[in-house]
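An overview of the molecular structure
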Amino acid sequence: MTRMIYPGQTIGIIGGGQLGRMMALAAKEAGFKIAVLEPSMDSPCGQVADIRIVAQYDDESALEELAEVSDVITYEFENIDYEGLKRLTEIAYVPQGAELVRITQNRITEKEAISNAGCPVAPYIVAKNYDELVSQIELIGYPCIVKTARGGYDGKGQQQLNSKEDLPLAKDLFEHSHCVAEGFVPFEKEISVIVQRNGHGETYCLPVGENIHVHHILHETIVPARISGETYQKAIEAAEKIADYLQLVGTLAVEMFVLENGEIVINELAPRPHNSGHYSIEACNISQFGQHIRAVCGWPLRKPKMLKPSIMVNLLGQHVVPLTNSISKYPGWSVHLYGKAEAKVNRKMGHVTILTEDIDDTLKQIDSSGIWSE
Ligand code: AMP
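Residues numbered from 1 in each chain as written. Predicted model: local features only at pLDDT ≥ 70, side-chain atom pairs only at ≥ 80, totals over all residues. Heavy atoms only, no water.

1. Structural notes on the site of the ligand
Let me state the cut-off plainly: Nearness is judged by heavy atoms alone; a residue qualifies as near a molecule or strand once a single heavy atom is within 4 Å of it. The term polar contact refers here to a pair of N or O atoms within 3.5 Å; inside protein, the definition further demands a hydrogen-donor-capable atom paired with an acceptor-capable atom, and it admits residues adjacent in sequence only when both atoms are side-chain atoms. Secondary structure follows DSSP: runs of H or I at least 4 residues long count as helices, runs of E at least 2 residues long count as strands, and numbering of each begins at the N terminus. Where each domain begins and ends follows an automated or database-derived domain assignment.
Neighbouring the ligand are 16 residues, the closest being K147, Q158, V185, E190 and E268. Within the side chain of E182, a nitrogen or oxygen atom sits 2.8 Å from a nitrogen atom of the ligand. Note that an oxygen atom of the ligand is positioned 2.5 Å from one of the side-chain N or O atoms of E190. Among the secondary structure elements, those contributing two or more residues to the shell around the ligand are strand 6 (144-148), strand 8 (179-183), strand 13 (250-258) and strand 14 (264-270). Both domains that meet at the shell around the ligand, namely domain 2 (123-183) and domain 3 (187-369), each give it at least three residues.

2. Regarding the sheet that holds strand 5 (residues 124-127)
Adjacent strands of a sheet pair through backbone hydrogen bonds, lying either parallel or antiparallel. Going by this rule: Only strands that DSSP links by at least two bridges are regarded as paired with each other. Structural elements are reduced to axes, namely lines fitted to C-alpha atoms, with helices fitted over the stretch in contact, and the angle between N-to-C directions of any two is expressed from 0 to 180 degrees. It only takes one pair of heavy atoms within 4.5 Å for two residues to be counted as in contact.
The antiparallel open sheet is built from 4 strands, whose spatial order is 5-8-6-7. Each edge of the open sheet is held by one strand with a lone partner, namely strand 5 and strand 7 (158-161). Across the sheet, the axes of successive neighbouring strands diverge by a mean angle of 20 degrees, strand direction being ignored. The sheet contact formed by strand 6 and strand 7 spans 4 bridges and is antiparallel. Bridged to I145 within strand 7 is Q160. The strands that helix 5 (residues 107-116) touches are strand 5, strand 6, strand 7 and strand 8; relative to strand 8, the one it contacts most, it runs at about 45 degrees.

3. Some words on unusual backbone geometry
Backbone phi values are negative for most residues with the exception of glycine, while trans is the configuration of most peptide bonds. For clarity, the cut-off: Each residue is assigned to one of three classes by its accessible area relative to the maximum for its type, calculated with a 1.4 Å probe on protein chains only: buried under 20%, partly exposed between the two thresholds, exposed over 50%.
In this structure, P143 follows Y142 across a cis peptide bond, with omega equal to -10 degrees. One can find P143 in the loop between helix 6 (130-136) and strand 6. Between V223 and P224 the backbone carries a cis peptide bond, its omega angle lying at 0 degrees. Along the chain, P224 turns up in the loop between strand 12 (217-223) and helix 7 (229-245). Positive phi outside glycine occurs at Q247, with the angle close to 50 degrees. Of the residues examined, Q247 reaches a relative accessible area of 48% and is grouped as partly exposed.

4. Let's talk about helix 3 (residues 82-91)
Because an α-helix packs 3.6 residues into every turn, residues spaced three or four apart end up facing the same way. Worth spelling out the cut-off: What the arc covers is the set of directions going from the helix axis to the C-beta atoms.
All buried positions along helix 3 are accounted for by Y82, G84, L85 and L88. Buried residues of helix 3 fall within an arc of 160 degrees about the axis and therefore sit on the same side. Across from the buried face of helix 3, at angles greater than 90 degrees, the exposed residues are E90 and I91. Of the surrounding secondary structure, the elements contacted by the buried residues of helix 3 are strand 1 (10-14), helix 2 (60-69), strand 4 (72-75) and helix 4 (99-104).

5. Details of the packing of aromatic side chains
Applied cut-off: The rule is short: rings of Phe, Tyr and Trp, with Trp giving its six-membered ring, pair when the centres are within 6.5 Å, and they are stacked under 30 degrees, edge-to-face over 60, tilted in between.
Tallying each qualifying case throughout the model produces 6 aromatic pairs. Measuring from ring centre to ring centre gives 3.9 Å for Y330 and W333, while their planes differ by 10 degrees; the resulting arrangement is stacked. Under the relative-accessibility criterion, W333 is labelled buried at 8%. On the basis of an interplanar angle of 40 degrees and a centroid distance of 5.9 Å, the ring pair of W333 and W372 is categorised as tilted. Here W333 is found in the loop between helix 10 (320-326) and strand 16 (334-337), whereas its partner W372 is found in the segment after helix 11 (359-369), with 39 residues between them in sequence.

In short, shape yes, function no, at least from these values alone.
Listed below in structure tokens is the structure:
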């Protein structure tokens, strides 16, 4: 049963990272209180929360405490303990349920769901161990990418194999998880669609973003994606189909490859707001975080509208000092920093969003700033 949650009530968030922080900030605008469950003392979300529960995500008594203080519970990352979340659905109001997390925590069940929704994925095989990989690999051939079924992110837990000789490189991946091996997709672009749905079935997508990765980590999102109108439409339809199939409540990020012929292939799903949707904070009439809060609180969703094209650029640890030194040069840039204490190399510390009428010109400005030139 969909419930309406009102300002003054408390939203519990599992996970204290930047996604939780931006969710919390959006919720606080409307007067909600925030409780966060997170193992570290000083987390990006903890800094802006009203109630902090410092414990592991699978700590039963901590989950019970979160249930007690929260009128509704959501999560900001998908590698939370599924069993814990399921138990939570029995003692608290968790409108997103636990099923979406179960499905998207594992690439095997995720790919099955995408296919069952009628959307294309790269050809793949499932291998429980290295021997199974060796015996089946010819079914997809080379080049291919072996990925752990569970636990991978930002290109971690993956190995590209270009020929039979590379096979042993994939051995270690089986240490903690079953794997999938998927055919290499010769994509032209990577795009993503953030689709959001409430318990009444109201569904909206944010404008399609074009994602540029550097060393497997998202570097830039350009919005709207520079793709044909037909491909744009296909991307939106695919995201809506998957959301409908999963009976989504909340937010789903759908990452896709665009082929030379304009067709799309779905790469992976994230059951939460996504780095590629951060641009919406400034560039749309509703941000992915504001819409997420509306969805889990049973509010009607707002039809998203792009106010202006935009580019979002991530700030990793090595970019923070150069950015800080350049703030005075770029009054038009919206700077977001997540309050993380230690600026480690390649750690996501923040992002910058630039609204623009001229994407090419702004890309040049980003380049010539030197901030991201390492
Ligand atoms: P993932 O963790 O699945 O998002 O993969 C990280 C990155 O690896 C993607 O953003 C792509 O750039 C690349 N990649 C993943 N799978 C494939 C594939 N099947 N074909 C080509 N590139 C891929």
